[in-house]
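Observations on the three-dimensional arrangement
Take a look at the letters that make up each chain.
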Amino acid sequence: MKKRIAVLAGDGIGPEIMKEGLKVLGTIAKHFNHTFTYKEALVGGCAYDKYGHPLPDETKEICNNSDAIYFGAVGGSKWENLPPELTPERGALLPLRGMYHLFANLRPAIIFGPLADSASLKSERLEGGLDVLIVRELTGGIYFGRNKVKSLTLHEGAVQGNYAVDYMIYSVPEIERIAAVACDAAMKRSKKLTSVDKANVLESSKLWRKVVTDYVQTRFPQIQLNHLYVDNAAMQLATNPKQFDVIVTENMFGDILSDLASAITGSIGMLPSASLSKTGFGLFEPIHGSAPDIAGQNKANPLAQILSGAMMLKYAFGLNAESKAIEQAIMKVLEDGYRTGDLANKATQKEKILSTSQMGDKVVEYLST
Ligand code: NAD
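All figures in this text were calculated on a predicted structure; none of them were measured in a lab.

A look at the site of the ligand
Lining the immediate environment of the ligand, one finds 21 residues, of which Gly75, Gly269, His288, Gly289 and Asn301 sit closest. When grouped by side-chain class, the residues that make up the shell around the ligand number 10 nonpolar, seven polar and four charged.

Here it is, written out as structure tokens:
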């Protein structure tokens, strides 16, 4: 298979972890006989420094001519006080999501068995690890209501006297397309789907519940669907996360629940994500930021970046075996006790604490055996 990959490493630890992600993709290409062509481009603060914009035309051009975007992380205090549209996250990440209609955000909350001790929940509640997939609607709901109500007199976001207002709006096609992504994921896993809303209070949630129910009943009757209100879902996630397999929810609820789920796993450096369009084109990035506090020290955990590469292989290119091979190599590395500093606990032997580049090398070594 031949694929063109836009490589947007970004700021802070981005370039360090991206290097390891590419090492692993290179090994996969060699073992499975694929050709991946990489085009690197600046994004975020470093792009602003060179071009005066966090998402310059040169970078868009490279993304336009690629089959997937492999993204590191952006941001840092140096660029925090720029006008909002020029800050790394708002000026680059949000436009990329909009430009490529990346409406589906897939965030696995995974705890690899050997890391159950470093999670924030008692390890008996996480026996054997955790593997929950949160499917979040990414381009609708309350964060984008403004675009849909321009004709109304009371503008979202504008404080009028003592009032401020935001609009949470969903249409049937928007809900159906994210339900389709969630059903597809559920069919490939345990055929169990939980839809999260606030249908006891919100009209948009009532529509959400009806559309998801109809969609599943008519197209995927074999999926076991249940519904939870978002407050209950948060409590259940924090106390008994293993009851879930795939969770589908709207933009703001997904934002909050996916952060909660990642906090439960206790290791921000381990969690990948995918933002997908209807065509399968997508942006693949770790959920963490640019970690300026440890940038340039070769001690960041590259595994979230490497796992984002595995998601790219699976969701953008349909290379399931290749994706699984990466996950299995990481599992073996962890089982053998190798950790980056962020995952180290007292029980871990000192000689098994690895730098960023050593961890990348270790995954490559285990992929090759
Ligand atoms: P952060 O995720 O960068 O860091 C939070 C903490 O986790 C830090 O202590 C950091 O050292 C640690 N950490 C993060 N990734 C790690 C890794 N791979 N290995 C080991 N430790 C890791 O969040 P923050 O400090 O709130 O934000 C820093 C910058 O990143 C800000 O400018 C923020 O706007 C930006 N940010 C970008 C993205 C993105 O690019 N998608 C996401 C979140 C934050």
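Digging into the packing of helix α10 (residues 303-316) against helix α11 (residues 320-335)
Where α10 meets α11, the closest approach of the two axes is 7 Å, and the angle between their N-to-C directions is 160°. As far as their axial angle goes, α11 and α10 are roughly antiparallel. Along this stretch, α10 crosses α11, giving a crossing that reads as left-handed. Contact residues: Leu303, Ile306, Leu307, Gly309, Ala310, Leu313 and Lys314 in α10; Asn320, Glu322, Ser323, Ile326, Glu327 and Ile330 in α11. Per-class residue counts for the contact of α10 with α11 are seven nonpolar, three polar and three charged.

Observations regarding the sheet that holds strand β2 (residues 35-40)
Strand pairs in the sheet, formed through backbone hydrogen bonds, run parallel or antiparallel to each other. Taking strand neighbours across the sheet as the criterion, the 10 strands line up as β2-β1-β3-β10-β9-β4-β5-β8-β6-β7 in an open arrangement whose pairing is mixed. In the strand order of this sheet, the two ends are held by β2 and β7 (224-229), each with one partner. Averaged over neighbouring strand pairs, the angle between their axes works out to 20° when direction is ignored. By the bridge criterion, six bridges tie strand β6 (residues 192-197) to β7 in an arrangement that is parallel. The residue bridging Asp197 from the neighbouring strand is Tyr229, located in β7. Across the sheet, helix α9 (residues 251-265) is in contact with β4 (104-111), β5 (130-137), β6 and β8 (246-249); its angle to β5 comes to roughly 160°. The strands touched by α10 are β3 (68-73), β9 (272-276) and β10 (282-286); relative to β10, the strand with the most contacts, the crossing angle is about 160°.

Conventions we followed
- Residues numbered from 1 in each chain as written.
- Predicted model: local features only at pLDDT ≥ 70, side-chain atom pairs only at ≥ 80, totals over all residues.
- Near = placed C-beta within 6 Å.
- Nonpolar A, V, L, I, M, F, W, Y, C, P; charged D, E, K, R; others polar.
- Axes fitted to C-alpha atoms, helices over the stretch in contact; angles between N-to-C directions.
- Helix = DSSP H or I, 4+ residues; strand = E, 2+ residues; numbered from the N terminus.
- Parallel < 35°, antiparallel > 145°, perpendicular 65-115°, else oblique.
- Left-handed = near helix turned anticlockwise from the far one by under 90°.
- Contact = placed C-beta atoms within 7 Å.
- Pairing = 2+ DSSP bridges.

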